[in-house]
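Summary of structural features
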Amino acid sequence: MKNRILAGLLALIFGAFGVHRFYLKDIGGGIFFVFLTLITQRFFPVGAILGILDAIRIFNMSNQEFDEKYNKAFVPGSTRGNTSTNEYRNTRRANRKKKQESSFRVFPKKNPFKKSALEKFKNYDFKGAIEDYKKALDISPEDPELHFEIAKAYSLTENKELSFRQLDTAVQYGLKNPERIGTDEDLAYIRIQPEYQEFKDHGFRLSLKTLGPEKKDILQDDLLLSQINKLKELRNKGVLSEDEFEIERKKITLNR
């Protein structure tokens, strides 16, 4: 283990010959000092001056800084040594992977019910489309486009309350171009409702007085149960801790 004071004294006394660099295992730096001294000793003691500067730098370092730079193998928990660095990187990768796995807003690339719901919608089977959209939402409960599409189906079946609520949820989850609500032909029924103007003025979000007291929404209950069950699966697999599970459960319960 290198000693900071000794290294500084070697730099001060024998710095011209790079003895301190050899002591600190900087072989290239030591050779450079020797070479520099040999070619400049007749003109100007450049090596000696550089050695003095190195001595000042070493004396001004704290013991911790010196150890982290020159005693890496002897510093517990140092992230600068080869082994510790690998452990540090592995820990960061593991934490990143865990965060990605615990992220709840992951939309599966393939959602078969989304396709079947769209086919039924195009064939004017709006009730069948609603059932398939519900199943699609069980798979991707936070997909804003699914909430928007089922809102259109509710509008075409003249169920204004559920349509408004699904549009509100779609905007809450980040619906792209929410202005579509004001132009989409399938939402014409919603736009002629007396509640629509207030809904629009509120940023296409429901206010407390837009629809009055909220009625029991079976779809929302099913979605809430599905979300909680997925959280339980992540907890059982060890992806979420008990505390993380409780935090996520409270989030989706409050956002309902």
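Residues numbered from 1 in each chain as written. Predicted model: local features only at pLDDT ≥ 70, side-chain atom pairs only at ≥ 80, totals over all residues. Heavy atoms only, no water.

1. Observations regarding helix H1 (residues 4-14)
Put simply, the test is: Classification of residues uses two cut-offs on accessible area relative to the type maximum, computed with a 1.4 Å probe and protein chains only: under 20% is buried, over 50% is exposed, and between them is partly exposed. Secondary structure elements are taken from DSSP: a helix is a run of H or I of four residues or more, a strand is a run of E of two residues or more, and numbering for both begins at the N terminus. Think of it as the arc spanned by the lines of direction from the helix axis to the C-beta atoms. What makes two residues a contact is simply this: any of their non-hydrogen atoms within 4.5 Å. Each polar contact in these results corresponds to two N or O atoms within 3.5 Å; when the atoms are within protein, one needs to be able to donate a hydrogen and the other to accept it, and residues that are neighboring in sequence are counted only if both atoms are side-chain atoms.
All buried positions along H1 are accounted for by Arg4, Ala7, Gly8, Leu10 and Ala11. With its buried residues spanning 160° around the axis, H1 presents them on a single face. Against helix H2 (19-23), helix H4 (46-60) and helix H5 (63-70) lie the buried residues of H1. Its side-chain oxygen placed 2.9 Å from the backbone nitrogen of Ile5, Asn3 serves as the N-cap of H1.

2. A closer look at the confidence of the model for the chain
For clarity, the cut-off: Values of pLDDT, the confidence the predictor places in each residue, fall between 0 and 100.
Mean pLDDT over the chain works out to 82, with 77% of the residues at or above the 70 mark. Mean pLDDT values over the elements of the chain span from 59, in helix H6 (residues 82-102), up to 95, in helix H9 (residues 144-156). Counting interchain partners and residues more than four positions distant, the pLDDT-below-50 stretch residues 79-83 has 7 contacts. Contacts from residues 214-218, a stretch scored under 50 in pLDDT, to residues over four places away or in other chains number 7 contacts.

3. Let's talk about the nonpolar core
We count it as follows: Nonpolar cores are built from buried Ala, Val, Leu, Ile, Met, Phe, Trp, Tyr and Cys residues. Side-chain atoms within 4.5 Å join them into one set.
Within the largest apolar cluster, 14 residues are counted, with the highest numbers of intra-cluster contacts made by Phe148, Leu167, Ile181, Tyr196 and Phe199. Here this core takes 4 residues from helix H10 (residues 160-172), the largest share from any one element. In terms of nonpolar packing, the next biggest core, distinct from the first, is built from 13 residues, Ala136, Leu137, Leu146 and Tyr154 among them.

4. With respect to the packing of helix H7 (residues 112-122) against helix H8 (residues 126-139)
Rule in force here: Axis definition: a line fitted to C-alpha atoms, limited for helices to the stretch in contact. Angles are taken between N-to-C directions and run from 0 to 180 degrees. Any angle from 65 to 115 degrees is called roughly perpendicular, while one under 35 is roughly parallel, one over 145 is roughly antiparallel, and all others are oblique. Left-handed describes a crossing in which the near helix is turned anticlockwise from the far one by less than a right angle; the clockwise case is right-handed. Classification convention: Asp, Glu, Lys, Arg as charged; Ala, Val, Leu, Ile, Met, Phe, Trp, Tyr, Cys, Pro as nonpolar; all other residues, Gly among them, as polar.
It is the contact of H7 with H8, at a shortest axis distance of 8 Å, that shows an interaxial angle of 165°. The pairing of H7 with H8 is recorded here as roughly antiparallel in orientation. Where H7 crosses over H8, the handedness of that crossing is left-handed. Residues Phe113, Lys114, Ser116, Ala117, Leu118, Lys120 and Phe121 of H7 lie in contact with H8, whose contacting residues are Phe126, Gly128, Ala129, Asp132, Tyr133, Lys135, Ala136 and Ile139. Looking at the contact of H7 with H8 residue by residue, the class counts come to 9 nonpolar, 2 polar and 4 charged.

5. Overview of the packing of aromatic side chains
Worth spelling out the cut-off: For this analysis, a ring pair means two rings from Phe, Tyr or Trp (six-membered ring only for Trp) whose centres lie within 6.5 Å, classed as stacked if their planes differ by under 30 degrees, edge-to-face if by over 60, and tilted for the remaining angles.
On inspection of all chains with the given rule, the structure shows 6 aromatic pairs. When the centroid spacing of 6.2 Å and the interplanar angle of 90° are considered together, the rings of Phe32 and Phe33 count as edge-to-face. By relative accessible area, Phe32 is classed as partly exposed at 43%. Accessibility expressed as a relative area gives 3% for Phe33, which makes it buried. Plain terms: the ring middles of Tyr124 and Phe126 are 6.1 Å apart, the flat faces sit at 85° to each other, and that makes the pair edge-to-face.

6. Thoughts on the side chain of Ser155
For Ser155, the position within the fold is in helix H9. Excluding residues that lie within four positions of it along the chain, Ser155 makes contacts with Ser163, Asp186, Leu187, Ala188, Tyr189 and Ile190.

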